[in-house]
2 protein chains.
Amino acid sequence: MTGTRGYHHGDLRRALLAEAVRVIEESGPAALSLRDLARRAGVSHAAPAHHFGDKAGLLTALAADGFDLLAEALTGAGDDLLDRGVAYVDFAVRHRAHFEVMFRPDLYRPDAAELVAARERAGAALHSGVAALPEGRPTAEDPQGDALAAWSIVHGFATLWLSGALPARVGDDPRAAARAVAHRLFPKT
Amino acid sequence: MTGTRGYHHGDLRRALLAEAVRVIEESGPAALSLRDLARRAGVSHAAPAHHFGDKAGLLTALAADGFDLLAEALTGAGDDLLDRGVAYVDFAVRHRAHFEVMFRPDLYRPDAAELVAARERAGAALHSGVAALPEGRPTAEDPQGDALAAWSIVHGFATLWLSGALPARVGDDPRAAARAVAHRLFPKT
């Protein structure tokens, strides 16, 4: 189909998601409404509902895109878990709207098929980084526990960085600071 | 002074903060308004403004209370850093409204004297746990880096726990799960 402004179907969907990212970066997910989104994108009222059903549907699509982007960022960083940890923080800083929505499952439909598949791809990328750790470490018998610890430390650093709560001495390079933090949990393999 | 319903000054202030915690637990900090708070607490419109000035003033007081409660929880857990890490997560779970506001410095006045003092008490409690670590660990030369890593891992675990994003296999006891995670960073001293 071609809709308002002659968008093709997939293009309009992408344009609406990109506009939603801008609204969330400015004002957070609570401020988002499908009607306002249509107005900002210059399309008919009905277009966002046609593509996403409702606000939860839109945020489900946005979170699924986020998990896909995260999976790409993690696998693109290579096999080393420390490099993947730095890539996690870098993803959060570069895609803060996605990152915020992904970890607010109360705002979307966490059981939607597209969301489950994307989340599993991101989880697998984290777990395969843990599987590449050297054998001799103290907790080698519990890779799921290792993965949860790795997730916690990079998620915590990213969250503190984005909140503006860190002291100035941490510096202004999130990748370098994240590497120093994550290095304490899993030294470079 | 005695205000509406005969509250004494400090009691009314505490009652308004307690009501604010309930609103934030139900609907998040964006939903909070001083007018609604006055209505819910059964006091005059003017009472919240008299005590806190504006919404940012109320959230500054709430965040300062949160950092004080956190400092108490950390020091009450003893000298061991792992025990203090578990206490951090336990604090976040039991005081989720405070925890959410504390790490949203965009919502309050982070330079307010009461806030700075309370935040420094909480930071000192975290750092003194790091100072109690054994000498032989690999990163003994950088206790601030150790403290940031410890903060990141417990903050990340607490944030993931509260968001509902963790898989079911993590279980339903946040203290036990937090201990297993934080143990990987700093084994029991």
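The numbers attached to residues start from 1 for each chain and follow its sequence in the written order. Written order decides the labels, with chains lettered from A and ligands numbered from 1. Thresholds applied to this predicted model are a pLDDT of at least 70 for local features of residues and 80 or more for the giving and counting of side-chain atom pairs; totals over whole chains, interfaces and linings are not thresholded and use all residues. In computing side-chain values, all of the structure's heavy atoms are included and hydrogens and water are not.

1. Describing the overall build of chain A
Move 1: Secondary structure elements are taken from DSSP: a helix is a run of H or I of four residues or more, a strand is a run of E of two residues or more, and numbering for both begins at the N terminus. When you go through chain A residue by residue, the secondary structure sums to 9 helices and 0 strands.
Move 2: Ordering the α and β elements of chain A from the N terminus gives α-α-α-α-α-α-α-α-α.
Move 3: Restricting the contact set of chain A to residue pairs at least 6 apart, pairs at least 24 apart contribute 66%.
Move 4: Total accessible area on chain A is roughly 8500 Å²; 53% of this is exposed by carbon and sulfur atoms. Throughout, a residue-residue contact means that at least one pair of heavy atoms, one from each residue, lies within 4.5 Å. What sets the accessible areas is the Shrake-Rupley method with a 1.4 Å probe; for residues, cover comes only from the shown protein chains.

2. Some details on the nonpolar core
Move 1: We define a nonpolar core as any set of buried Ala, Val, Leu, Ile, Met, Phe, Trp, Tyr and Cys residues linked to one another through side-chain atoms lying within 4.5 Å. For the exposure calls, accessible area comes from a 1.4 Å probe over protein chains only, and a residue counts as buried if that area is under 20% of its type's maximum, exposed if over 50%, partly exposed in between. Phe157 of chain A together with Phe157 of chain B are the most contacted members of the largest nonpolar core, which totals 129 residues.
Move 2: Looking at this core, the element that brings in the most residues is helix α8 (residues 143-163) of chain B, giving 12 residues.
Move 3: Setting aside residues up to four positions removed in sequence, Phe157 of chain B forms contacts with Leu148 and Ser152 of chain A together with Val89, Leu166, Val170, Pro174, Ala177, Ala178 and Val181 of chain B.

3. Some thoughts on the confidence of the model for chain A
Move 1: pLDDT runs from 0 to 100 and stands for how confident the predictor is about each residue. Within chain A, residue pLDDT values average 89, and 89% of them lie at 70 or more.
Move 2: For chain A, helix α7 (residues 113-131) of chain A is the element with the lowest average pLDDT, namely 90, and helix α4 (residues 55-76) of chain A is the one with the highest, namely 97.

4. Quick look at the interface of chain B and chain A
Move 1: The interface is formed by 28 residues belonging to chain B together with 28 residues belonging to chain A.
Move 2: Salt bridges, as used here, are contacts in which a Lys or Arg side-chain nitrogen is within 4 Å of a carboxyl oxygen on Asp or Glu. Applying the counting rule to chain B against chain A returns 4 salt bridges.
Move 3: Among the ionic pairs, Arg184 of chain A bridges to Asp142 of chain B, the shortest N-O distance being 3.2 Å.
Move 4: Identification of polar contacts relies on pairs of N or O atoms within 3.5 Å, with a donor-acceptor requirement for protein atoms, meaning one able to donate a hydrogen and the other able to accept it, and with residues adjacent in sequence counted only if both atoms are side-chain atoms. Joining chain B to chain A, the criterion identifies 6 residue pairs in polar contact (both at pLDDT 80 or more).
Move 5: Here the side of chain B that touches chain A takes 14 residues from α8 of chain B, the largest share from any one element.
Move 6: For the side of chain B that touches chain A, the residue count by class is 14 nonpolar, 10 polar and 4 charged. Any residue outside Ala, Val, Leu, Ile, Met, Phe, Trp, Tyr, Cys, Pro, Asp, Glu, Lys and Arg is labelled polar, Gly included; the first ten of those are nonpolar and the last four are charged.

5. Thoughts on the pattern of salt bridges
Move 1: Enumeration over the complete set of coordinates arrives at 28 salt bridges over all chains.
Move 2: Here Asp146 of chain A ties to Arg184 of chain B by a salt bridge, and the two come within 2.6 Å at their closest N and O atoms. Pair noted here: Asp146 of chain A is in helix α8 (residues 143-163) and Arg184 of chain B is in the segment after α9 (174-183), and the two residues belong to different chains.
Move 3: Taking the relative accessible area as the measure of exposure, Asp146 of chain A reaches 0% and is therefore buried.

6. Section: the packing of aromatic side chains
Move 1: Between the rings of Phe, Tyr and Trp (Trp by its six-membered ring), a pair exists once the centres lie within 6.5 Å; its type follows the angle of the planes, with under 30 degrees stacked, over 60 edge-to-face, and the other angles tilted. A full pass over the atoms with the stated rule returns 10 aromatic pairs over all chains.
Move 2: Residues Phe99 of chain B and Phe103 of chain B carry aromatic rings whose centres are separated by 5.2 Å and whose planes lie at 65° to one another, so their mutual orientation is edge-to-face. Note on accessibility: Phe99 of chain B and Phe103 of chain B belong to one class, buried.
Move 3: Ring plane angle 55° and centroid distance 6.3 Å describe the contact between Phe103 of chain B and Trp151 of chain B, whose orientation is recorded as tilted. With a gap of 48 residues between them, Phe103 of chain B in the loop between α6 (96-102) and α7 (113-131) and Trp151 of chain B in helix α8 connect regions that are remote in the sequence.
Move 4: Ring pairing ties together the aromatic residues Phe67, Tyr88, Phe99, Phe103 and Trp151 of chain A, which thus form one cluster.

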